[in-house]
Amino acid sequence: MNKMIRTIFPALLMALLLPAYAGADGIRGTAAEPADRLDPVRASASEESDFTWDEEDDTVITGLKKETVTDVVIPGKCKAIADNAFEGRALLKSVSFSQAPDLKSIGVRAFFGTGLTDLTITGSITSIGDNAFSGNDDLTTVLIDSNISELPPTSSPFEGDTLTKLTFGTKVTEISPNNTSSDGLFYGCTLNTGLTVPSSVEHIGPGAFCNSKLTGLTFAAGSQLASIGEKAFYGTKIKSITVPKSVVSIGDQAFSGIDTLRTVTINSDISDQDNNSSPFRGARITELNFGQVTKISSNSNYNCGLFYGCIIDIPDGITIPATVKSIGPGAFCSSSLKKVTFEEGSLCTSIGARAFYRCSLGEVVLPPQTKEIGYQAFGENEDLKIVSVPSTVEKIASPAFPGDKGITDIYYGGKEEAWKDLEVSFDDGTDPEIHYERYPHGGNVDVTSVVIDPTSLYMEVGETSSLKITVLPSDASDKTVTIESKNESVVTVDEEGKVTAQGAGNTLITVVSNSDRTKKAMCTVTVTEPVVAVTGVEVEPGEATILIGETVTLTATVEPDDAADKSVTWSS
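Values in this document were obtained by computation on a predicted structure and should not be read as measured data.

Some remarks on the overall build of the protein
Part 1: Looking only at helices and strands, the protein features two helices and 48 strands.
Part 2: With respect to the principal axes defined by its C-alpha atoms, the protein has extents near 200 × 55 × 35 Å.
Part 3: The 572 residues of the protein split such that 44% are buried.
Part 4: The contacts in the protein between residues at least 6 apart in sequence include a share of 49% that link residues at least 24 apart.
Part 5: Only carbon and sulfur atoms are counted for the fraction: they give 48% of the accessible area of the protein, which is about 27900 Å².
Part 6: Mean positive and mean negative side-chain charge positions of the protein (44 and 77 charges, respectively) differ by 13 Å.

Written as structure tokens, this is what we have:
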């Protein structure tokens, strides 16, 4: 009898003292369940009677009646969960909102400091209060299946949490639609994971993932994303970003503060850019690509711009696609850009104010259809030396080149009169040489003329002479020429311009440009036999004595016998 009592009493005591729990099947169990299901003991709350409700609104849950609940299923009549409703419930491991189709809001710190491990925000929920799910050390997995379209402006529901998996449902169209970048849906949490944004998402709000340490970001194929808010990804750890074609707006510093970001691809015109937005300010970019965009930086404030204030650390510079028609104000201002190349066939007609201000450009070749260059567009480029300007340019705002004291040459495609009409000004002490009808520098420079000096030669057989050949302009792409004698029996000429007289006669030497045979010069040459000079004259007799009235005949002999002129003049 005593043995039976000793056996039954402990079991009875456990049944009385230990709370009930719900198993995986949802059926309440007792302490008589197997030991592996008692650690921890599970207890569910799903009935309306398991919760406390607001006295004035019985659709608002204010808390739990029991302290030992581990699993919560929000009942169907619930429309809101009050501030602090489940705060500090360390035993609470799971919560389900699926049975509450009218649930709209979750209050401030509603689940702060619980034991939640995973969470699904269902489609009916539109508002989540600040720190609603913060302080959950075990929370690692979150699925957002709702737009949360009324997120309070100062709400950061997951701040301080560390997540390893974050996904969004395919019907979500907005992520963090709050209006301040100092908070956001995942502001301040640690996301040890990458994220794929579903194609359904149209807006990512300010601060959405700010300081979240998000490790990767991609956008699903067919993305409909239109806007990315201010500081949306500030301070994350993403390494690359490809902006979808659908994006029309990116907020200020959306991708700033990211010390890991290196590769940026822009596939959108971003046509509705905020005038005060510099999305990549401070980022160090080592690879920058553009898709078939038609404009770069659509804002009108030159103190901001798409890549204003970032560091473009690309030794070979960037290539602007041929499809780009305009580069907006401040687009690359203060970006450290070293080189910009416009793709062949460029359609670019406008370069905005300060578009390339305070870069590190050494040479600029403006695209051939450029019509307008904005205020200080290329100012403060201390290394800038050469600028090529097409004749299509109609306006160069003054000053366009302030602080560019190193400019030495402007290659202009038009005539001098047209350049003067543009009224281009430079800093005092800066006086670049203007090369008219010479666009672009570094391109194929045509030969304009060939000059020969002298233009005529008089030679004797056996003599040599030299011709000086000059091809203009001095930097013509092909300065080679062909030199020919029309009659090599009179003179011959070598490629260096050395002329040798071969025989008496007249002929022409011609010099023709190899790149343009219409550009030529000629030298006329006359060759005569050598002139034999008189070396002496002898008179016979050398002396003569004659009487008055007598005569004597003197004979003069001119030497050498083949002297050219053997005539003499007698005198006494």
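Let's pick the thread back up.
Here's the deal with the environment of Gly 63
Part 1: Tracing the chain through its elements places Gly 63 in strand 5 (residues 60–64).
Part 2: As a C-alpha pair, Gly 63 and Ser 200 span 137 residues in sequence and 35 Å in three-dimensional space.
Part 3: Dropping the residues within four chain positions of it, Gly 63 is found in contact with Phe 51, Thr 52 and Ala 85.

Notes on the pattern of salt bridges
Part 1: One pass over the structure, following the stated rule, counts 12 salt bridges.
Part 2: With its nearest N and O atoms 3.4 Å apart, the salt bridge here joins Asp 259 to Lys 237. Here Lys 237 lies in the loop between strand 20 (227–228) and strand 21 (240–243) and Asp 259 lies in the loop between strand 22 (249–250) and strand 23 (263–266), a separation of 22 residues in the sequence.
Part 3: Among the ionic pairs, Lys 415 bridges to Glu 437, the shortest N-O distance being 3.5 Å. One end of the pair, Lys 415, is in the loop between strand 36 (409–412) and helix 2 (416–422); the other, Glu 437, is in the loop between strand 37 (433–435) and strand 38 (449–453), with 22 residues separating them in the sequence.
Part 4: Classification of Lys 415 by relative accessible area gives partly exposed; the value is 49%.
Part 5: Within the structure, one salt-bridge network assembled from shared partners comprises Glu 48, Asp 58 and Lys 77.

Topic: the sheet that holds strand 31 (residues 350–351)
Within a sheet, neighbouring strands are paired by backbone hydrogen bonds and run either parallel or antiparallel to one another.
Part 1: Within the open sheet, the five strands sit side by side as 26-29-31-33-35. Their pairing is parallel. In this open sheet, the two strands that pair with only one neighbour each are strand 26 (295–296) and strand 35 (395–396).
Part 2: As judged from the two bridges shared by strand 26 and strand 29 (residues 326–327), these two strands associate in the parallel manner. Pairing of Lys 295 across the sheet is with Ser 326, part of strand 29.

Remarks on the sheet that holds strand 3 (residues 44–45)
Part 1: Spatially, three strands are ordered 3-6-8 in an open sheet, and the strand pairing comes out parallel. Edge strands, defined here as strands with exactly one partner in the open sheet, are strand 3 and strand 8 (94–96).
Part 2: Taken together, the three bridges between strand 6 (residues 71–73) and strand 8 define a ladder with parallel strand orientation. Counterpart to Val 72 in the pairing with strand 8 is Val 95.

Comments concerning a nonpolar patch on the surface
Part 1: A contiguous nonpolar surface patch, about 660 Å² in accessible area, is contributed by Val 534, Val 537, Val 539, Ile 546, Val 552, Leu 554, Val 568 and Trp 570.
Part 2: Here Leu 554 shows up in the loop between strand 47 (536–540) and strand 48 (555–559).
Part 3: The partly exposed category is assigned to Leu 554, whose relative accessible area is 39%.

Thoughts on the packing of aromatic side chains
Part 1: Considering all chains together, one arrives at 22 aromatic pairs under this definition.
Part 2: Judged by centre distance (4.9 Å) and plane angle (15°), the ring pair of Phe 158 and Phe 186 falls under stacked. A residue pair is termed long-range when its members are at least 10 positions apart, and Phe 158 in the loop between strand 12 (141–144) and strand 13 (162–163) and Phe 186 in the loop between strand 15 (174–175) and strand 16 (190–191) qualify at 28 residues. Note on accessibility: Phe 158 and Phe 186 belong to one class, buried.
Part 3: For the pair Phe 209 and Phe 233, a centre-to-centre distance of 5.3 Å together with 10° between the ring planes defines the contact as stacked. Residue Phe 209 is found in the loop between strand 18 (203–204) and strand 19 (216–219), and its partner Phe 233 is found in the loop between strand 20 and strand 21; the two are separated by 24 residues along the sequence.

Considering the state of the cysteines
Part 1: Considering all chains together, one arrives at zero disulfides under this definition.
Part 2: Cys 304 forms no disulfide, and the closest cysteine sulfur to it belongs to Cys 333, at a distance of 9.4 Å.
Part 3: No disulfide involves Cys 348; its sulfur sits 15 Å from that of Cys 359, the nearest cysteine.

Digging into the nonpolar core
Part 1: One finds Phe 97, Phe 133, Phe 186, Phe 255, Phe 280, Phe 307 and Phe 332 to be the most contacted residues of the largest nonpolar core, which totals 113 residues.
Part 2: Each residue touching Phe 186, except ones within four places of it in the same chain, is listed here: Val 142, Ile 144, Phe 158, Leu 163, Leu 166, Phe 168, Leu 191, Ala 208, Phe 209, Cys 210 and Ser 212.
Part 3: In terms of nonpolar packing, the next biggest core, distinct from the first, is built from 20 residues, Ile 483, Val 491, Val 499 and Ala 501 among them.

Quick notes on the side chain of Thr 510
Part 1: Tracing the backbone shows Thr 510 in strand 45 (residues 505–513).
Part 2: Setting aside its immediate chain neighbours within four residues, Thr 510 contacts Thr 482, Ile 483, Glu 484, Lys 486, Ala 521 and Met 522.

A short note on the environment of Leu 119
Part 1: In this fold, Leu 119 is placed in strand 10 (residues 118–121).
Part 2: Residues Leu 119 and Phe 133 lie 14 residues apart in sequence; the distance between their C-alpha atoms is 9.4 Å.
Part 3: For Leu 119, the contacting residues outside a window of four places in its chain are Val 95, Phe 97, Phe 133, Leu 139, Thr 141, Val 142, Leu 143 and Phe 158.

Some details on the confidence of the model for the protein
Part 1: Of the residues in the protein, 93% have a pLDDT of 70 or more, and the chain-wide mean is 89.
Part 2: Overall, residues 1–39 carries pLDDT values under 50, and its contacts beyond four positions in sequence, including any with other chains, amount to 34 contacts.

Conventions adopted
- Residues numbered from 1 in each chain as written.
- Predicted model: local features only at pLDDT ≥ 70, side-chain atom pairs only at ≥ 80, totals over all residues.
- Heavy atoms only, no water.
- Helix = DSSP H or I, 4+ residues; strand = E, 2+ residues; numbered from the N terminus.
- Buried < 20%, exposed > 50% of the residue type's maximum accessible area, 1.4 Å probe, protein only.
- Contact = heavy atoms within 4.5 Å.
- Areas by Shrake-Rupley, 256 points an atom, 1.4 Å probe, with all protein chains shown as cover.
- Lys, Arg positive; Asp, Glu negative; His and termini not counted.
- Charge placed at Lys NZ, Arg CZ, Asp CG, Glu CD.
- Salt bridge = Lys/Arg side-chain N within 4 Å of Asp/Glu carboxyl O.
- Pairing = 2+ DSSP bridges.
- Patch = residues over 30% accessible without salt bridge, like charges linked within 9 Å, V, L, I, M, F, W, Y side chains within 5 Å.
- Phe/Tyr/Trp six-rings, centres within 6.5 Å; stacked < 30°, edge-to-face > 60°.
- Disulfide = S-S within 2.5 Å.
- Core = buried A, V, L, I, M, F, W, Y, C linked by side-chain atoms within 4.5 Å.
- pLDDT = per-residue confidence, 0-100.

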